[in-house]
Amino acid sequence: GKGGYSLRTRLDSQSGPVDKNTVQVITVPAPEGSYAVPVVKGDFNILPQAAKIFIAEHVALCKPRGIYICDGSEEEAQELTDKLVSRGNLEKLHKMDNCYLARTDPADVARVESKTFIVTEERSESVPDVAEGVKGILGQWMSTDDATKELAIRFPGCMAGRNMYVLPFCMGPLGSPLSRIGVQLTDFSYVVLSMRVMTRLSPRVWDSIRVGEEFVKCVHSVGCPRPETRKLVNNWPCNPEQILVTHFPDERLIMSYGSGYGGNSLLGKKCFALRIASRLAKEEGWLAEHMLIMSVTNPAGEEKFIAAAFPSACGKTNMAMLQPTLPGWKVQCIGDDIAWMRFDSEGRLRAINPEAGFFGVAPGTNTKTNPVAVQTYQRNSIFTNVGMTDDGGIFWEGMEKDHDPSVGVTTWLGQQGWKVGEGEGKAAHPNSRFCCPASQCPIIHPKWQDPEGVVIEAIIFGGRRPRGVPLVIESLGWEHGVLMGAALKSEATAAAEHRGNTIMHDPMAMRPFMGYNFGHYLEHWLGLQDNPDNKLPKIFHVNWFRLDDNSGKFLWPGFGENIRVLDWICRRINGEEGLTVESAIGLLPAPGALDLQGLGAVDMEQLMSVPKDYWQEDMEETRHFLQQQVGRDLPAVIAQQVHEQSLRVNQITE
Ligand code: OXD
Ligand code: MN
């Protein structure tokens with residue numbers, strides 16, 4: 001490649017005997033002489049050459065004690081599960097059906113954004129040209145040289161005494177032209193079990209590689225070679241001081257070290273399906289976005305597909321599984337976190353969910369906020385860092401009404417006898433998760449695995465905005481819609497280290513997941529309008545979280561009642577007239593256009609108001625943010641959109 005990270009070793013095909021009764025042994029050239037390793041499961045010889053080389057290079061580097069080639073089968077999952085149970089990494093949840101609980105080292109509980117980097121030759125490929133003296137928040141760049149050095153400190157010998165699991169996986173339905181394949185190497189079987197839920201883990205991927213399909217190379221190590229020098233907590237292997245998550249988009253390579261937790265270790269998700277994929281998408285003219293995909297069907301049976309981007313922990317999973325309160329309406333779910341979208345030959349925007357499972361934030365999920373998710377995770381699911389009830393069920397904050405208070409809870413920290421309302425601290429970590437197969441979702445869309453994808457007709461952006469931002473706004477056009485996404489902000493959640501009430505920028509909900517320069521990303525979005533054949537979806541902004549200025553209570557009930565907003569959006573897609581009034585910040589529902597029947601009192605005037613002073617300040621802040629953070633890479637079209645909206649805001653008469 002362009003001088004990128006590479007071991008430059010060769011596999012001279014020294015694989016051992018193929019006799020079923022003898023162990024296959026692979027010998028690879030390593031810096032200090034050849035290194036031999038047994039294949040403890042699978043047949044190395046039948047793998048495609050490109051995969052053999054990838055594995056051999058990393059065997060030479062990481063020095064595992066065995067190679068375990070996964071096939072994704074039930075039996076394999078059972079074997080790995082049993083082993084993790086016997087080692088105390090997993091605990092069976094007896095009240096549920098084939099469900100397990102994992103407790104991590106409390107030092108390994110979250111995506112580590114500060115240790116996450118995009119590695120390219122040129123800085124400008126990865127991050128925008130920020131203003132002098134400004135710390136960029138739209139991704140972090142590391143030079144190839146620095147990354148090579150950092151990895152050389154960590155990876156050599158990092159899998160000593162552990163198996164290297166080899167996972168062939170597909171993001172998106174197997175065989176779909178919109179899907180992409182990858183191979184992950186990992187030294188932690190919890191990661192194998194989770195990847196088996198979240199991706200299509202299948203030996204069919206080897207066939208695709210054999211016929212020359214490009215695969216994303218994913219290398220993951222918990223960074224705990226044996227004999228262990230670091231005392232494990234909860235027997236959870238990790239190396240928090242040394243965490244490093246690096247992406248090499250030019251080489252389609254991810255190298256992640258030190259963490260066993262979700263986004264850091266399930267490399268198909270954020271690392272591949274967002275960071276690497278957004279780069280692929282830029283090169284190839286499609287979109288990889290942090291968006292749910294849902295379908296909404298009205299009482300007349302008319303169906304629309306919608307994609308929606310919200311920053312983490314804004315209720316994206318809840319919205320993807322919304323239970324409409326309006327009679328006759330139906331919502332079905334295609335995905336809750338990531339959308340891959342591409343215009344087809346007829347100019348329709350086709351979307352697939354690249355994932356096969358839900359990896360949802362547990363706290364706050366209950367039979368009221370998301371009854372569908374509750375049904376989905378009753379079987380074949382892995383819970384991480386939640387509380388466990390004495391009768392072998394699960395518990396977390398927000399589940400109080402679904403829980404018998406006389407039953408004790410063991411907290412995520414292993415503290416026994418914790419009781420609701422009495423126990424100190426929290427039962428579950430705020431970032432605790434459920435990991436469950438999407439196929440179990442009772443409202444999963446029949447087309448959720450359709451290789452063609454579904455046709456997206458609206459894109460929704462949203463965030464937690466306690467002040468100033470109306471319930472729903474329709475953009476004035478594509479460019480204005482891209483500004484809505486670029487200016488996306490949300491209130492920091494209590495789970496984060498940031499102080500409450502701070503509103504943080506999270507452009508396109510992609511701030512932690514950008515795979516390349518955000519200015520170029522905006523150009524890419526704007527460029528989609530250059531093809532006159534493209535049927536661009538309408539763009540909206542929603543805010544379920546506006547507070548009453550006097551009482552401080554939510555102005556809008558949210559959850560299932562959000563169908564009323566989706567109803568309006570669907571009618572707007574159909575081009576229904578008379579539904580809007582123009583405001584300085586976009587089109588708002590005309591009085592009476594939202595179906596509010598049976599809702600009780602809602603202060604629509606406050607909910608829809610566009611306060612001049614708030615928006616003057618907001619536009620100034622947005623302009624400043626884009627200038628500072630995107631700097632010279634900010635497309636002129638977006639700067640112009642900011643300018644025009646500022647002028648409109650200045651003309652508000654109150
Ligand atoms: C997630 C996230 O886990 O956005 O989906 O953090
Ligand atoms: Mn997410």
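What counts, and at which threshold
Residues numbered from 1 in each chain as written. Chains lettered and ligands numbered in written order. Predicted model: local features only at pLDDT ≥ 70, side-chain atom pairs only at ≥ 80, totals over all residues. Heavy atoms only, no water. Helix = DSSP H or I, 4+ residues; strand = E, 2+ residues; numbered from the N terminus. Rg over C-alpha atoms; globule rule 2.2 N^0.38 Å. Buried < 20%, exposed > 50% of the residue type's maximum accessible area, 1.4 Å probe, protein only. Contact = heavy atoms within 4.5 Å. Areas by Shrake-Rupley, 256 points an atom, 1.4 Å probe, with all protein chains shown as cover. Lys, Arg positive; Asp, Glu negative; His and termini not counted. Charge placed at Lys NZ, Arg CZ, Asp CG, Glu CD. Near = heavy atom within 4 Å. Polar contact = N/O pair within 3.5 Å; in protein donor to acceptor, adjacent residues only side chain to side chain. Axes fitted to C-alpha atoms, helices over the stretch in contact; angles between N-to-C directions. Parallel < 35°, antiparallel > 145°, perpendicular 65-115°, else oblique. Left-handed = near helix turned anticlockwise from the far one by under 90°. Nonpolar A, V, L, I, M, F, W, Y, C, P; charged D, E, K, R; others polar. Pairing = 2+ DSSP bridges. Salt bridge = Lys/Arg side-chain N within 4 Å of Asp/Glu carboxyl O. Core = buried A, V, L, I, M, F, W, Y, C linked by side-chain atoms within 4.5 Å.

Undergrad: Can you tell me about the overall build of the chain, naming the residues and giving the values?
TA: Tallying secondary structure elements over the chain gives 16 helices and 32 strands in all. The C-alpha atoms of the chain give 25 Å as radius of gyration, which agrees with the globular expectation for 654 residues (26 Å, within 12%). For the chain, the spread of C-alpha atoms along the principal axes amounts to about 80 × 60 × 50 Å. Buried positions account for 60% of the 654 residues belonging to the chain. A sequence separation of at least 24 residues applies to 73% of the contacts in the chain between residues at least 6 apart. Total accessible area computed for the chain in this model is approximately 25,400 Å², and 49% of it derives from carbon and sulfur atoms. Side chains of the chain carry 65 positive and 79 negative charges; the gap between the two charge centres is 3 Å.

Undergrad: Just give me the short version of the site of ligand 1, but keep the residues and values in it.
TA: Taken together, Arg111, Lys270, His290, Ser312, Asp337, Arg433 and Phe513 make up the full set of residues near ligand 1. At a separation of 2.6 Å, an oxygen atom of ligand 1 approaches a polar side-chain atom of Arg111. Note that an oxygen atom of ligand 1 is positioned 3.2 Å from one of the side-chain N or O atoms of Asp337. A total of 210 Å² of accessible area belongs to ligand 1 in isolation, and the protein chains cover 89% of it.

Undergrad: Before we move on, could you go through the packing of helix 15 (residues 612-629) against helix 16 (residues 636-650) and cite the residues and values that matter?
TA: Helix-helix packing: each pair is described by the crossing angle between the helix axes and the interaxial distance. It is at 9 Å that the axes of helix 15 and helix 16 come closest, and there the two elements cross at 165°. Viewed along their axes, helix 15 and helix 16 adopt a mutual orientation that is roughly antiparallel. When the axes of helix 15 and helix 16 are compared, the crossing they make is left-handed. Taking contact as the criterion, the partners of Lys612, Trp615, Gln616, Met619, Arg623 and Leu626 in helix 15 are, on helix 16, Ile638, Val642, Gln645, Ser646, Val649 and Asn650. In the contact of helix 15 with helix 16, the residues fall into six nonpolar, four polar and two charged.

Undergrad: Describe the sheet that holds strand 23 (residues 394-395), naming the residues involved and giving the relevant values.
TA: Either a parallel or an antiparallel arrangement is found when strands of a sheet pair, and the pairing is made through backbone hydrogen bonds. Taking strand neighbours across the sheet as the criterion, the three strands line up as 23-22-24 in an open arrangement whose pairing is antiparallel. Two strands lie at the open edges of the sheet, namely strand 23 and strand 24 (409-410), each paired on one side alone. Across two bridges, the pairing between strand 22 (residues 387-389) and strand 23 is antiparallel. Across the sheet, residue Gly387 finds its bridge partner in strand 23, namely Phe395.

Undergrad: Would you mind going over the pattern of salt bridges in detail, with residue names and values included?
TA: Per the stated rule, a full pass over the model turns up 41 salt bridges. Put simply, Glu283 and Arg279 hold a salt bridge, and the shortest N to O gap is 2.8 Å. Note that Glu283 and Arg279 are positioned in helix 8 (residues 268-284) at a spacing of four residues, about one turn of the helix. When its relative accessible area of 40% is taken as the criterion, Glu283 is described as partly exposed. Between Lys316 and Asp337 there is a salt bridge, and its shortest N-O distance comes to 2.8 Å. One end of the pair, Lys316, is in helix 9 (residues 316-320); the other, Asp337, is in the loop between strand 17 (330-335) and strand 18 (339-343), with 21 residues separating them in the sequence. Judged by relative accessible area, Lys316 falls into the buried class, the value being 7%. Classification of Asp337 by relative accessible area gives buried; the value is 9%. One salt-bridge network, in which partners are shared between bridges, spans Arg180, Glu214, Asp250, Arg252, Arg279, Glu283, Glu284 and Arg342.

Undergrad: Go over the side chain of Asn431 with me, naming the residues and quoting the values.
TA: Along the chain, Asn431 turns up in the loop between strand 24 and strand 25 (433-437). Exposure remark for Asn431: the relative accessible area of 16% places this residue in the buried category. At 2.9 Å, the side chain of Asn431 forms a polar contact with the backbone oxygen of Val109. Within the structure, Asn431 has its side chain in polar contact with the side chain of Tyr261 (distance 2.8 Å).

Undergrad: Any chance you could break down helix 13 (residues 563-573) for me, citing the residues and the numbers?
TA: Within helix 13, 11 of the 11 residues are buried, which leaves it mostly tucked inside the rest of the structure. Where helix 13 is concerned, the buried positions are Ile563, Arg564, Val565, Leu566, Asp567, Trp568, Ile569, Cys570, Arg571, Arg572 and Ile573. Just downstream of helix 13 lies Gly575, where phi reads positive at about 75°.

Undergrad: Kindly report on the sheet that holds strand 25, identifying the contributing residues and their values.
TA: Pairing is mixed across the open sheet formed by five strands, whose spatial order is 4-5-21-25-20. Single-partner strands in this sheet number two, and they are strand 4 (90-92) and strand 20 (357-361). Neighbour to neighbour, the strand axes of the sheet diverge by 20° on average, direction disregarded. Together, strand 4, strand 5 (100-102), strand 20, strand 21 (382-384) and strand 25 form the strand contacts of helix 5 (residues 189-198), whose direction differs from that of strand 25 by roughly 55°.

Undergrad: Explain the side chain of Gln24 to me, using residue names and the numbers behind them.
TA: If you trace the backbone, Gln24 turns up in strand 1 (residues 24-30). Polar side-chain contacts of Gln24 include one of 2.5 Å to the side chain of Asp43. Among the polar contacts listed, one links the side chain of Gln24 to the backbone nitrogen of Phe44, at a separation of 2.8 Å.

Undergrad: Describe the nonpolar core, naming the residues involved and giving the relevant values.
TA: If you look at the biggest cluster of nonpolar residues, it comprises 174 residues, and the most contacted ones within it are Phe383 and Ile569. The dominant element in this core, judged by the number of residues it contributes, is helix 8, at eight residues. Apart from the residues lying within four places of it in its own chain, the contact partners of Ile569 are Ile306, Ala458, Ile460, Val472 and Phe540. By size, the runner-up hydrophobic cluster in this structure holds 41 residues, among which are Leu61, Cys158, Met159 and Ile181.

Undergrad: Outline the pairing of strand 25, listing residues and values.
TA: Walk down a regular strand and you will see the side chains alternate between the two sheet faces. Most of strand 25 sits inside the fold, with five of its five residues counted as buried. Taking every second residue as pointing to the same face, both faces of strand 25 are buried, with Arg433, Cys435 and Pro437 on one and Phe434 and Cys436 on the other. As judged from the five bridges shared by strand 20 and strand 25, these two strands associate in the antiparallel manner. Each bridged residue has a counterpart across the sheet, and for Gly357 the counterpart in strand 25 is Pro437.

Undergrad: Please provide a residue-by-residue account of the pairing of strand 18, values included.
TA: Strand 18 sits mainly inside the fold: four of its five residues count as buried. Here strand 14 (residues 287-289) pairs with strand 18 via three bridges, running antiparallel. Its bridge partner being in strand 18, Leu287 is matched across the sheet by Met341. With four bridges joining them, strand 18 and strand 19 (residues 349-352) adopt antiparallel strand pairing. Directly across from Arg342, in strand 19, lies its bridge partner Arg350. As consecutive antiparallel partners, strand 18 and strand 19 are separated by five residues, and within that stretch Gly347 has a phi angle of approximately 80°, a positive value.

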